[in-house]
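Tertiary structure, described
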Amino acid sequence: MTGRPYVLLSCAMSIDGYIDDASTERLLFSNDSDFDRIDAVRAGCDAILVGAATVRRDDPRLLVRSDRRRADRVARGLPPSPVKVTVTGSGDLDPAARFFALGDGAKLVYCPGGAVEKTREQVGEVATVVDAGDPVTPEAVLADLAVRGVRRLMVEGGGSVHAQFLAAGLADELHLVVAPFFVGDGRAPRFVADGRYPWHPGRRARVVEVRQIGDVVLTRYALSDRCDTA
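First, a word on scope: everything that follows refers to the structure included in this document. Keep in mind that what you see is a predicted model, and the values were worked out from it rather than measured.

Attention now moves to the overall build of the protein. In terms of helices and strands, the protein carries seven helices and nine strands. Since a compact globule built from 230 residues should have a radius of gyration of about 17 Å, the 17 Å found for the protein is in line with a globular shape. With respect to the three principal axes, the spread of C-alpha positions in the protein is 45 × 40 × 40 Å. Across the 230 residues in the protein, those meeting the buried criterion constitute 46%. Of the contacts formed within the protein by residues at least 6 apart in sequence, a portion of 69% connects residues at least 24 apart. Surface exposure of the protein reaches about 11,500 Å², of which carbon and sulfur atoms provide 49%. In the protein, the 30 positive side-chain charges and the 32 negative ones have mean positions that sit 4 Å from each other.

The element strand E2 (residues 47-51) is extensively covered by neighbouring structure, given that five of its five residues are classed as buried. Burial of E2 is two-sided: the residues Ala47, Leu49 and Gly51 facing one way and the residues Ile48 and Val50 facing the other way are all buried. Across five bridges, E2 lies against strand E3 (residues 83-87) in parallel orientation. Paired with Val50 across the strands is Thr86, a residue of E3. Pairing analysis gives three bridges linking E2 to strand E6 (residues 152-155), with the strands arranged parallel. What sits directly across from Leu49, in E6, is Val155.

Turning our eyes to something else, we now look at unusual backbone geometry. What you tend to see is this: most non-glycine residues have negative phi, and most peptide bonds are trans. The linkage connecting Asp134 with the following residue, Pro135, adopts the cis geometry, with an omega of 0 degrees. Here Asp59, not a glycine, exhibits a phi torsion of approximately 50 degrees, which is positive. Within the fold, Asp59 resides in the loop between helix H2 (52-58) and helix H3 (67-75). Of note, Leu62 is a non-glycine position whose phi angle comes to about 55 degrees, a positive value.

Definitions and cut-offs
- Residues numbered from 1 in each chain as written.
- Predicted model: local features only at pLDDT ≥ 70, side-chain atom pairs only at ≥ 80, totals over all residues.
- Heavy atoms only, no water.
- Helix = DSSP H or I, 4+ residues; strand = E, 2+ residues; numbered from the N terminus.
- Rg over C-alpha atoms; globule rule 2.2 N^0.38 Å.
- Buried < 20%, exposed > 50% of the residue type's maximum accessible area, 1.4 Å probe, protein only.
- Contact = heavy atoms within 4.5 Å.
- Areas by Shrake-Rupley, 256 points an atom, 1.4 Å probe, with all protein chains shown as cover.
- Lys, Arg positive; Asp, Glu negative; His and termini not counted.
- Charge placed at Lys NZ, Arg CZ, Asp CG, Glu CD.
- Pairing = 2+ DSSP bridges.

Below, the structure is given as structure tokens:
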């Protein structure tokens with residue numbers, strides 16, 4: 001694709017590669033300092049994407065939290081927080097979820113043609129529902145976002161969404177945070193599932209930064225020549 005948005009993937013996981021546990025409570029991997037770093041990264045993006053499962057399970061707000069960063073965005077002619085984006089196959093979304101209920105910015109929901117009617121019935125009053133074809137692909141989502149003026153997209157998960165962007169070779173940068181504990185439960189979701197990814201023993205991703213942030217460690221990987229290594 002030419003002219004597609006810059007895609008930055010962000011994920012936090014345990015030492016053994018899990019991004020949650022098997023309980024109904026959200027498991028936190030980052031600390032306060034890392035959450036502030038994530039807030040700064042969000043503030044520098046035009047849109048944030050999560051899968052519908054993440055909307056249902058984690059009920060994220062996906063808003064810039066810092067007053068200063070929101071004010072800086074407004075001063076640059078931008079909304080206080082980036083556009084919120086999600087992808088659903090079924091249209092099973094709750095309009096009262098914080099993804100939809102919080103923030104005055106645009107919310108976009110991409111779904112296959114067969115789920116458009118249901119999705120609009122569910123969240124059509126609080127979001128723009130986009131028919132992205134069947135199946136919905138990262139390429140289709142990025143093409144539509146580019147038309148809408150999105151130049152920098154932050155993908156925050158979950159694992160299935162990350163895997164789709166990675167397998168398609170459509171990620172430019174990965175921020176991977178490792179928390180200092182194990183989950184040790186095969187029922188829990190991992191960072192990505194089995195698949196064929198462009199980075200393998202014969203083609204290693206390039207590490208551009210390793211940083212300790214309190215008790216977690218951030219590693220930044222360059223996944224394309226577009227990656228900003230500063």
